[in-house]
Amino acid sequence: ESMAMHCPIILGVRGESARIIEDAGAGITIPPQDAAALAAAVQALRDDPDRRRRIGDAGRRHVEQHFDRRVLADLAVHQPEAFAALVAKAKAALPAQANA
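Everything in this summary refers to the structure shown in the same document. Note that the structure is predicted; figures quoted are calculated from it, not measured. (Residues numbered from 1 in each chain as written. Predicted model: local features only at pLDDT ≥ 70, side-chain atom pairs only at ≥ 80, totals over all residues. Heavy atoms only, no water.)

**Observations regarding the nonpolar core**
With six residues, the main nonpolar core is built from Met-3, Ile-9, Ile-21, Ala-24, Ala-26 and Val-63. Once residues within four sequence positions are removed from consideration, Ile-9 is found in contact with Ser-2, Met-3, Ile-21, Ala-26, Gly-27, Ile-28 and Ile-55. Within the second largest apolar cluster, five residues are counted, among which are Ile-28, Ile-30, Ala-41 and Ile-55. (Core = buried A, V, L, I, M, F, W, Y, C linked by side-chain atoms within 4.5 Å. Buried < 20%, exposed > 50% of the residue type's maximum accessible area, 1.4 Å probe, protein only. Contact = heavy atoms within 4.5 Å.)

**Quick notes on the packing of helix α2 (residues 35–46) against helix α3 (residues 49–66)**
Two packed helices can be described by the angle between their axes and the distance between those axes. Between α2 and α3, the least distance of the axes is 6 Å, while the angle of their chain directions is 100°. With respect to their mutual orientation, α2 and α3 come out roughly perpendicular. Counted together, Ala-44, Leu-45 and Arg-46 of α2 and Pro-49, Arg-51, Arg-52 and Ile-55 of α3 form the full contact between these two elements. Split by residue class, the contact of α2 with α3 holds four nonpolar, no polar and three charged. (Axes fitted to C-alpha atoms, helices over the stretch in contact; angles between N-to-C directions. Helix = DSSP H or I, 4+ residues; strand = E, 2+ residues; numbered from the N terminus. Parallel < 35°, antiparallel > 145°, perpendicular 65-115°, else oblique. Nonpolar A, V, L, I, M, F, W, Y, C, P; charged D, E, K, R; others polar.)

**With respect to the environment of Ala-18**
Examined against the element boundaries, Ala-18 turns out to sit in helix α1 (residues 16–24). Counting along the chain gives 65 residues from Ala-18 to Phe-83, while the straight-line C-alpha distance between them is 23 Å. Leave out the neighbours within four places in its chain, and Ala-18 touches Leu-11, Val-13 and Thr-29.

**Quick word on the environment of Gly-59**
Its place among the elements puts Gly-59 in helix α3. Taking the relative accessible area as the measure of exposure, Gly-59 reaches 1% and is therefore buried. Remark: the alpha-carbon pair of Gly-59 and Ile-20, spanning 39 residues in sequence, is separated by 9.7 Å. Other than its neighbours up to four places away in sequence, Gly-59 contacts Met-3 and Ala-26.

Here it is in structure tokens:
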């Protein structure tokens, strides 16, 4: 939701969520539980409004290109194999209990 609202993200996680933010250019990823890195990321965004805007815009573009319902529906109708592969990839990224 933050990406869709043009909000720059500071995310203290590893794994798929961090990869999505990094690939989208939608924010800053920091190590979990790293207060100094969090403070530095907040200050960096506070001090650079142009960077905040660029990051927010990049997140919105990523959502529009990868998660827009109309785009996904069109893909499901016109390229069902590609849609199935996308769904399989998304499921594989979920924690094990979510796939049960």
